[in-house]
Structure formats: structure tokens, C-alpha cells
Amino acid sequence: MADQKLLSGDVHRYDLPDDEAPEAAPAPTPASAPTPAPTATSAPTLTPAPALTSTSAGVPRRRVVGGRLLRRAVTNSTAILLLLAAWEVLPRLGVVDSVFVPPLSENLVAWYDLLVGGQLPEHLEASLARSLSGFGLAIVLAIPLGLLIGWYKPVADFLTPLLELFRNTSAVALLPVFTLILGIGETTKVTFVLYACAWPILLNTISGVKTVEPLLIKSARSMGLGPVRLFQKVILPAAVPTIFTGVRLAGAYSILVLLFAEMVGAKAGLGYLILDTQSSFRIPDMYAGIITISVLGLLFNLLLVGVERRFSTWRTT
């Protein structure tokens, strides 16, 4: 019987090789949907590509971004430009005494004369050497001490009363003490800057360590991180923004308090320049020294902001 079925053509499709399988019959077309007759216009219709807009091209997009940055820069600098314009116009109109507040243009001319004459670079170099030395020593000493106090409670309990005593004492008030103990040389000025810069760095470092999210610490410990790895991977990165806040404050202090130190027993420096020109009634030269200090502080702050962004790239913005 099986042989008869095979002979009669009862062969399944899957019993044949691929090259011998019969082609599938086309599905029947419903009567209600007649096959359309081929026409001469059966070629595919081409859809035109959309035209490029000004914002989709690379160059116009960069122009838009550049325009936004320019508008932001103009907005942020409007107040400064108004101050500079008032500084130039008001003395010339007689609103303020031009003897004590010369126009801005005269001060800039005096600044250029000091620069060309070599006096300004000499004073600027002396101030930068003292400021950066004290500031660098403050970073090296205050950050490790702040991490130690913030992380280990016994150390904090031992040093906190002493810190509270000295943190409320003005650095300027201690300048005569530094002068009596260390003399009027370079050591006094660098130590004075070190003392003034250490406090904002130290206190912000302690605060940064103590204010780390407790849930973050518990999660890290539950994942098996030891004390060293926990401090390295969790505590220190979380405290970086607060630490850099103290570093930026210390950067401003390093220039401000140095002026007081350079006004006592110094023969060079921006503070000495300002005091000497004021006593000899060279008012434009005095304002030239003040402008130099302001620009120096601004550039120093911008540099610290860039360093902070470099060490805080993991933060979401």
C-alpha cells in the first residue's frame, strides 16, 4: 500500500531535495479586488530630498553657538563696562575730584609707563613669588590635615578646640606677632600668607568630608569596600567640590593679605608699590597698582575654576 501511494504521486514537499521541491502556487486573487492593468507610468516616484536649513549645516550651527556665547559675554560684562565708563566720564565732568580719582585713561597710561619702565614687572614678580609660595604650602598642609580631621573622630575631638580658638583670630591682627617672631624678611610674608590661606582650605575640607551622603557610604560598604578604598573612591571624590571652594577662597586671600605684609618692611611688591606711590602722591601710579591686583585676582580665580572642572569631570552638569 505504501508503494502504491508513492507511485501515485503522494509525495510530501519536505521529502524532496531543495532543488526538486515544486514552486509554491500563487495565492488566488479575490474577485472583488481586480488586478490593475500595467500602465506606462509604473516607474517608481522619486521623493525630493528636503532642503538643508540654516541650523542643520555645521557652519551656521557654529555661528548660532558663537552668537549665544557673545551675547552671554556682553551680558555678563555690562556692569564692568558701565563702571569703567563712569570712571572715565565722571572725573572729566567734575562730578568727582580728578586729582584723587583720575580718569581711567590716565591710570592706564601710568600702568603702561610702569610696565615699559620695568617697575611693574619687578613688583609683580615679588608679589607672585610670595603669594604662590604661601598658597602652595597652605594646600599641601591644610588638605591632608582637613581630610584627617574630617575622617577620624578622635583626631577631630583632639584638635577642634584649638581650631575654634585660632579660626576666630584675624590674620591681619597677628601680623605684628609674625613680624616680632620672624622679622621683616621673606619668611614673615610667606608664613603670613600661609596662615591666612590655610583656614578656608582646612575648614572646607573638613566640611566636605563630614557632609558626604551617609547612604552613599553605606552602599559602598555593603559592596565590600574597605576603609582605604572607601576613602579613595567615595569620600575624596564627593568632597572635591567643597575642597575647591576653600581653595578658591584661599587664592583670593593669598593676594589680599599679602598687601598688608608688603606694606611692612618690604622693598618690592604690589603692596609696597601702592603705599610708596600714595605717600609720594603719584595717584595714577597708585591706581595702576590697584588695577594690577584686581586683574591678577581675576585671572587667578579663572585658573582655579579651570582646575576644579578638570578634577570634577565625573560630576553631572
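See the structure printed just above.
Residues numbered from 1 in each chain as written. Predicted model: local features only at pLDDT ≥ 70, side-chain atom pairs only at ≥ 80, totals over all residues. Heavy atoms only, no water.

### Description of the pattern of salt bridges
Right, so step 1: Scanning all chains against the criterion turns up 7 salt bridges.
Right, so step 2: Salt-bridge contacts for Arg-130 lead to Glu-186; the nearest nitrogen and oxygen are separated by 2.7 Å. A residue pair is termed long-range when its members are at least 10 positions apart, and Arg-130 in helix 5 (residues 119–151) and Glu-186 in helix 8 (residues 186–210) qualify at 56 residues.
Right, so step 3: What makes Arg-130 buried here is its relative accessible area of 5%.
Right, so step 4: Residues Arg-130 and Glu-262 are paired through a salt bridge, measuring 2.9 Å at the closest nitrogen-oxygen approach. (Salt bridge = Lys/Arg side-chain N within 4 Å of Asp/Glu carboxyl O. Helix = DSSP H or I, 4+ residues; strand = E, 2+ residues; numbered from the N terminus. Buried < 20%, exposed > 50% of the residue type's maximum accessible area, 1.4 Å probe, protein only.)

### Notes on a nonpolar patch on the surface
Right, so step 1: On the surface, a cluster of nonpolar side chains totalling about 420 Å² of accessible area is made up of Val-89, Leu-90, Leu-93, Val-95 and Val-96.
Right, so step 2: Structurally, Leu-93 is set in helix 3 (residues 78–93).
Right, so step 3: What makes Leu-93 exposed here is its relative accessible area of 62%. (Patch = residues over 30% accessible without salt bridge, like charges linked within 9 Å, V, L, I, M, F, W, Y side chains within 5 Å. Areas by Shrake-Rupley, 256 points an atom, 1.4 Å probe, with all protein chains shown as cover.)

### A closer look at the side chain of Glu-88
Right, so step 1: When you line up the elements, Glu-88 lands in helix 3.
Right, so step 2: A distance of 2.6 Å separates polar atoms of two side chains, one belonging to Glu-88 and the other to Arg-92.
Right, so step 3: Within the structure, Glu-88 has its side chain in polar contact with the backbone nitrogen of Ser-105 (distance 2.8 Å).
Right, so step 4: Excluding residues within four positions of it along the chain, Glu-88 makes contact with Pro-103, Leu-104 and Ser-105. (Polar contact = N/O pair within 3.5 Å; in protein donor to acceptor, adjacent residues only side chain to side chain. Contact = heavy atoms within 4.5 Å.)

### Examining the nonpolar core
Soluble globular proteins: nonpolar side chains tend toward being buried together.
Right, so step 1: In this structure, Phe-135, Ile-149, Phe-192, Ile-201, Leu-202, Val-247 and Leu-270 are the most contacted members of the largest nonpolar core, which totals 55 residues.
Right, so step 2: Take this core: its biggest share by element is 14 residues, from helix 10 (residues 227–262).
Right, so step 3: Beyond its immediate chain neighbours, meaning those up to four positions away, Val-247 contacts Phe-135, Ile-139, Ile-201 and Leu-304. (Core = buried A, V, L, I, M, F, W, Y, C linked by side-chain atoms within 4.5 Å.)

### Some points on the layout of surface pockets
Right, so step 1: The computed volume of the largest pocket comes to approximately 300 Å³.
Right, so step 2: In terms of lining residues, the largest pocket is bounded by Ile-80, Leu-83, Leu-84, Trp-87, Leu-104, Leu-108, Ile-290, Ile-291, Ser-294, Val-295 and Leu-298.
Right, so step 3: Counting residues per element, the ones that place at least two in the lining of the largest pocket are helix 3, helix 4 (104–117) and helix 12 (283–311).
Right, so step 4: In terms of residue count, helix 12 provides more of the lining of the largest pocket than any other element does, 5 residues in total.
Right, so step 5: Grouping the constituent residues of the lining of the largest pocket by class yields 10 nonpolar, 1 polar and no charged. (1 Å grid on protein atoms, 1.4 Å probe; cavity = no way out; pocket = protein on both sides within 12 Å on 5 of 7 lines; lining within 4 Å. Points joined across faces, edges and corners; volume = space filled by probe spheres on them. Nonpolar A, V, L, I, M, F, W, Y, C, P; charged D, E, K, R; others polar.)

### A look at the packing of helix 9 (residues 214–222) against helix 10
Right, so step 1: Contact pair helix 9 / helix 10: the axes reach a minimum separation of 10 Å and the direction vectors enclose 145°. Considering how the two elements wind past one another, helix 9 and helix 10 form a crossing that is right-handed. Within the contact between the two elements, helix 9 uses Leu-216, Ile-217, Ala-220 and Arg-221 and helix 10 uses Leu-230, Val-234 and Ile-235.
Right, so step 2: For the contact of helix 9 with helix 10, the class distribution of residues is 6 nonpolar, no polar and 1 charged. (Axes fitted to C-alpha atoms, helices over the stretch in contact; angles between N-to-C directions. Left-handed = near helix turned anticlockwise from the far one by under 90°.)

### Re the environment of Ala-129
Right, so step 1: Note that Ala-129 resides in helix 5.
Right, so step 2: According to the relative accessible area criterion, Ala-129 is partly exposed, its value standing at 45%.

### As for the packing of aromatic side chains
Right, so step 1: Summed over all chains, the structure comprises 6 aromatic pairs.
Right, so step 2: Consider the rings of Tyr-195 and Trp-199, whose centres lie 6.0 Å apart with planes at 80°: the pair is edge-to-face. Of this pair, Tyr-195 and Trp-199 are both found in helix 8, 4 residues apart, which corresponds to roughly one turn of the helix.
Right, so step 3: The buried category is assigned to Tyr-195, whose relative accessible area is 16%.
Right, so step 4: An aromatic cluster of at least three residues, connected via ring pairs, comprises Phe-178, Phe-192, Tyr-195 and Trp-199. (Phe/Tyr/Trp six-rings, centres within 6.5 Å; stacked < 30°, edge-to-face > 60°.)

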